[in-house]
Amino acid sequence: MVIRVLLLGSGYVTTHLATGLERLKKKLIEPYGIPLAKYKLPYGLEDIEVVGAYDVDDSKVGKTLYEIAREVMGGEYPVPEELKYVMVRRGVRRNSTDGLGIHAQGLDDVMGYEGCLEALLKEWIDLRPDVIVNVITTEHGEEYDDVATAMNRLKEGDVPATHVYAYVAALYAKARGGVAFINAIPTPVANNPGLLKIMEDSGVTVFGDDGATGATPLTADLLEHLTQRNRLIEFIVQFNIGGNTDFQALTREDRNQMKELTKTSMVKDITGYEVPTYIRPTGYLEPLGDKKYVAMHIEYLSFNGFRDSIYVNARINDSPALAGILCDLIRLGKISVERGWKGTVYEVNAFFMKRPGPRGSPNTAKIKAYYQLLNKFGLLPLHKVRTMV
Ligand SMILES: NC(=O)c1ccc[n+]([C@@H]2O[C@H](COP(=O)([O-])OP(=O)(O)OC[C@H]3O[C@@H](n4cnc5c(N)ncnc54)[C@H](O)[C@@H]3O)[C@@H](O)[C@H]2O)c1
């Protein structure tokens, strides 16, 4: 039993996911940070196999994930030899790297837009992925209200790279019969009605958008706590400063807007009222590296008109957090395809995503969404399964 996985984007998250999975298989690490590791799933973590990776950065394309992981993690880190067998292939670029100061070329730059769709589809048919994970640089992307608008934009090539990958996933699912597409970045796919319908009709299971890690799920759960106690939240401030390339990319306003949208949409969904809110990545400071600085301040009214404050200061390793939840999303993707669940699965998104699709779905606290997820998949804790056997 193998789950064949393609990774779009060969940066920090991909590196952590690929190295972490191999280290798990060798039992060098415990599965901490993987929410469903304590539950019985039809697929184990050892069943996940990375069969291909993509990027557009000329300094990465053609290298192996092993070489990239050595560069990203530093010489001290024990990079598993197995990653020598995964080569980084050239993906589709559109405008995803504009303004980042890297030398990048996509298949679309090399062979034109139509040629690149065909080339990518052919490669995927050869690689036979069960699950495709999108962790490319956050890019600006619009939502298409209906299939006709989405198709026109896709035909013209007037779309971000994420939407091209999503469309090729649809073509692939039609040719092969089903695939899961996990959109872990804010560029809308699960929240994109026109695109989502094309994918659904072609047999794609979509999870998205924007993996919920770091401070956002913590904020959601704190908001739920305060709401359950009927405290009036007066304002929320939450900001992040990081030193990885993702933060560097987010210093561009159009990309940052994508993030802000996914993070602020949850506040009213949980509290039921408008709260003055400032939640966004605010800066890039290289020495912080991948371990971002998070600050949060929530002010609220309690009984008898008294005002309380919550302050949180944290340093959080950004990419391993997303890589951990991807280990579950990949397995749930494969299971959902097998169950014939096409389109998107809200219960998965509600727990794992910052902006759970489909568009207009409520954003609940993660502590509530967790139990909905267990119910949806009928998951039992491993210790109970052992007692039953
Ligand atoms: N906790 C987290 O780290 C977290 C949480 C939620 C979402 N995300 C999102 O995950 C994504 C990846 O994060 P990261 O830290 O690995 O970033 P990164 O910058 O290290 O890696 C992104 C990679 O994507 C590549 N890329 C850019 N355009 C591409 C394209 N069109 N096709 C293929 N590859 C392309 C870049 O060259 C780079 O190698 C970001 O969009 C980020 O917003 C991260």
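The shown structure was predicted, so the numbers you read here are calculated from the model rather than taken from an experiment.

Colleague: Break down the layout of surface pockets for me, citing the residues and quoting the values.
Modeller: Quantified by volume, the largest pocket comes out at close to 1,000 Å³. Together, 48 residues line the largest pocket, and Gly-11, Tyr-12, Thr-137, Thr-245 and Asp-246 are the ones closest to its centre. Residue assignment for the lining of the largest pocket shows that the elements contributing at least two residues are α1 (12-25), β2 (48-55), α9 (245-250), α10 (253-271), β8 (277-284) and α11 (318-338). By residue number, the principal contributor to the lining of the largest pocket is α9, which donates 6 residues. Here the lining of the largest pocket is built from residues that sort into 20 nonpolar, 17 polar and 11 charged. As for the second largest pocket, its lining consists of 28 residues, and the residues nearest its centre are Tyr-32, Gly-33, Ile-34, Pro-320 and Gly-324. Within the residue set of the lining of the second largest pocket, elements represented by two or more residues are α1, α11, α12 (346-352) and α13 (366-377). Among the residues making up the lining of the second largest pocket, the classes are represented as 19 nonpolar, 6 polar and 3 charged.

Colleague: Which residues make up the domain arrangement of the chain, and what are the values?
Modeller: Its domain assignment divides the chain into domain 1 (3-211 + 320-376) and domain 2 (215-317). Relative to domain 2, the C-alpha centre of domain 1 lies at a distance of 25 Å. In this assembly, 29 residues from domain 1 lie in contact with 25 residues from domain 2. Together, Tyr-12, Lys-354 and Asn-363 form the three largest contributors to the area buried by domain 1 at its contact with domain 2, with a combined 26%. At the junction of domain 1 with domain 2, the criterion picks out 1 salt bridge. For Lys-368, the salt bridge is made with Glu-224, and the minimal N-O distance between the two is 3.6 Å. Joining domain 1 to domain 2, the criterion identifies 3 residue pairs in polar contact (both at pLDDT 80 or more). When residues of the side of domain 1 that touches domain 2 are traced back to their parent elements, those giving at least two are α1, α11 and α13. Sort the elements by how many residues they give to the side of domain 1 that touches domain 2 and α13 lands first, with 3 residues.

Colleague: Residues and numbers for the site of the ligand, please.
Modeller: Around the ligand sit 31 residues, and of these Asp-55, Val-92, Ile-136, Tyr-165 and Thr-245 come closest. Taking Thr-137, its main chain carries an N or O atom lying 3.5 Å from an oxygen atom of the ligand. Relative to its unbound accessible surface of 850 Å², the ligand loses 97% to contact with the protein. Here the ligand occupies the largest pocket. Where the shell around the ligand is concerned, the elements lending two or more residues are α1, α6 (161-176), α9 and α11. Looking at which element gives the most residues to the shell around the ligand, the answer is α11, with 3 residues. The residue makeup of the shell around the ligand includes at least three contributed by each of domain 1 (3-211 + 320-376) and domain 2 (215-317).

What counts, and where the lines are drawn
Residues numbered from 1 in each chain as written. Predicted model: local features only at pLDDT ≥ 70, side-chain atom pairs only at ≥ 80, totals over all residues. Heavy atoms only, no water. 1 Å grid on protein atoms, 1.4 Å probe; cavity = no way out; pocket = protein on both sides within 12 Å on 5 of 7 lines; lining within 4 Å. Points joined across faces, edges and corners; volume = space filled by probe spheres on them. Helix = DSSP H or I, 4+ residues; strand = E, 2+ residues; numbered from the N terminus. Nonpolar A, V, L, I, M, F, W, Y, C, P; charged D, E, K, R; others polar. Domains from an automatic or database assignment. Contact = heavy atoms within 4.5 Å. Buried area = accessible area lost by both parts, 1.4 Å probe. Salt bridge = Lys/Arg side-chain N within 4 Å of Asp/Glu carboxyl O. Polar contact = N/O pair within 3.5 Å; in protein donor to acceptor, adjacent residues only side chain to side chain. Near = heavy atom within 4 Å. Areas by Shrake-Rupley, 256 points an atom, 1.4 Å probe, with all protein chains shown as cover. Sits in = over half its atoms within 2 Å of the grid points.

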